[in-house]
Amino acid sequence: MKGLLFIASLLFFSFPVFAQQGLNPEISPYGQVSSVPGVSLKADPSMHYKIVIEVNNSDTSTPAISQPVELVARLVNLLALDGVTKSKREIAVIFHNAGSYCIQTDEAYNRKYGRSNPNKEALEKLAAAGVNFYVCGQSTVKRNINPAEILPQVRIATSFLTSLTTFQLQGYSSLKF
């Protein structure tokens with residue numbers, strides 16, 4: 001009986017530890033997720049996901065990756081965790097306003113903040129995973145961001161407003177990070 005109680009206790013206390021281990025099924029080391037046993041609603045791997053994400057802020061006060069970029073990585077990892085492959089997802093991210101600072105080259109970011117762009121590697125990995133990046137052209141003008149100093153995986157759009165509505169009219173679901 002004591003042996004059975006010991007095994008039951010071990011399983012009870014070990015289970016939460018295993019359930020909480022961080023996973024990065026596609027974008028490592030960014031966007032860590034957890035496998036949660038017993039979920040009743042998951043992403044459907046047979047569906048085609050079309051998602052447009054608005055990023056209008058960036059925390060440039062720390063050397064850490066911006067929270068919105070981390071959340072994009074988390075979304076990709078969550079979809080991958082549920083079996084949604086690259087061919088079954090279209091994700092577009094539109095940076096505007098202060099979010100525009102996330103997409104500058106290391107040289108431009110260093111001039112402004114005294115360090116390399118902490119988002120660069122995550123954006124490269126996300127682009128390799130099929131995420132498309134755009135920056136609002138109006139924001140680049142208003143914030144004096146030189147188009148030659150934008151990371152190569154980011155394309156310039158006329159505006160956030162017209163880009164978002166275009167994606168929505170094409171059937172994309174909209175998220176704001």
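Please refer to the structure placed before this passage.
Just so we're clear, the structure is a prediction, and the values are computed from it rather than from any experiment.

Undergrad: Mind showing me how you'd approach a nonpolar patch on the surface here?
TA: A cluster of nonpolar side chains, namely L23, L78 and L81, defines an oily patch on the protein surface of about 200 Å² accessible area. Along the polypeptide, L78 turns up in helix 2 (residues 67-81). Judged by relative accessible area, L78 falls into the partly exposed class, the value being 37%.

Undergrad: Can you walk me through the packing of helix 2 against helix 4 (residues 120-128) in this structure?
TA: The angle between the axes and the distance between the axes are what describe a pair of packed helices. The interhelical angle for the contact between helix 2 and helix 4, taken along N-to-C directions, is 30°, at an axis separation of 10 Å. Relative to helix 4, the element helix 2 is oriented roughly parallel. Crossing geometry of helix 2 relative to helix 4 is assigned as left-handed. Between helix 2 and helix 4, the residues in contact are V69, V72, A73 and V76 and A122, L123 and L126, respectively. Considered class by class, the residues forming the contact of helix 2 with helix 4 number 7 nonpolar, no polar and no charged.

Undergrad: How do you make sense of the nonpolar core when you look at a structure like this?
TA: The tendency in soluble globular proteins is for nonpolar side chains to be buried side by side. In this structure, I91, V93, F95 and L126 are the most contacted members of the largest nonpolar core, which totals 33 residues. When residues of this core are traced back to their parent elements, those giving at least two are strand 3 (49-55), helix 2, strand 4 (89-95), helix 3 (106-113), helix 4 and strand 5 (132-136). It is helix 2 that contributes the most residues to this core, 6 residues altogether. Beyond its immediate stretch of four places on either side in the chain, I91 contacts I51, I53, L75, V76, L79, G130, V131 and N132. Within the second largest apolar cluster, 10 residues are counted, among which are A92, Y134, C136 and F160.

Undergrad: Teacher, can you tell me more about helix 2 here?
TA: Every α-helical turn comprises 3.6 residues, leaving residues that sit three or four positions apart pointing alike. For helix 2, built from 15 residues, the straight-helix expectation of 21 Å at 1.5 Å per residue is met to within 8% by its first-to-last C-alpha distance of 20 Å. On the buried face of helix 2, the contacting elements are strand 2 (33-34), strand 3, strand 4, helix 4 and strand 7 (173-176).

Undergrad: Please explain the layout of surface pockets as it appears in this structure.
TA: In this approach the atoms are scanned with a rolling probe the size of a water molecule, which exposes any empty space left behind. Each pocket or cavity is described by its volume, and for the largest pocket that value is around 160 Å³. Residue lining of the largest pocket: S34, S35, V36, V39, L41, K42, L78, L81 and D82, and that is the complete set.

Undergrad: Please clarify how the pattern of salt bridges should be interpreted in this entry.
TA: One side chain can pair with another of opposite charge once the charged atoms of both are near each other. Taken as a whole, this structure holds 3 salt bridges when the rule is applied. Between E26 and R89 there is a salt bridge, with the nearest N and O atoms lying 2.6 Å from each other. Residue E26 is found in the loop between strand 1 (22-23) and strand 2, and its partner R89 is found in strand 4; the two are separated by 63 residues along the sequence. Relative accessible area serves as the criterion here: at 32%, E26 is assigned to the partly exposed category.

Conventions and cut-offs
- Residues numbered from 1 in each chain as written.
- Predicted model: local features only at pLDDT ≥ 70, side-chain atom pairs only at ≥ 80, totals over all residues.
- Heavy atoms only, no water.
- Patch = residues over 30% accessible without salt bridge, like charges linked within 9 Å, V, L, I, M, F, W, Y side chains within 5 Å.
- Areas by Shrake-Rupley, 256 points an atom, 1.4 Å probe, with all protein chains shown as cover.
- Salt bridge = Lys/Arg side-chain N within 4 Å of Asp/Glu carboxyl O.
- Helix = DSSP H or I, 4+ residues; strand = E, 2+ residues; numbered from the N terminus.
- Buried < 20%, exposed > 50% of the residue type's maximum accessible area, 1.4 Å probe, protein only.
- Axes fitted to C-alpha atoms, helices over the stretch in contact; angles between N-to-C directions.
- Parallel < 35°, antiparallel > 145°, perpendicular 65-115°, else oblique.
- Left-handed = near helix turned anticlockwise from the far one by under 90°.
- Contact = heavy atoms within 4.5 Å.
- Nonpolar A, V, L, I, M, F, W, Y, C, P; charged D, E, K, R; others polar.
- Core = buried A, V, L, I, M, F, W, Y, C linked by side-chain atoms within 4.5 Å.
- Expected span 1.5 Å × (residues − 1).
- 1 Å grid on protein atoms, 1.4 Å probe; cavity = no way out; pocket = protein on both sides within 12 Å on 5 of 7 lines; lining within 4 Å.
- Points joined across faces, edges and corners; volume = space filled by probe spheres on them.

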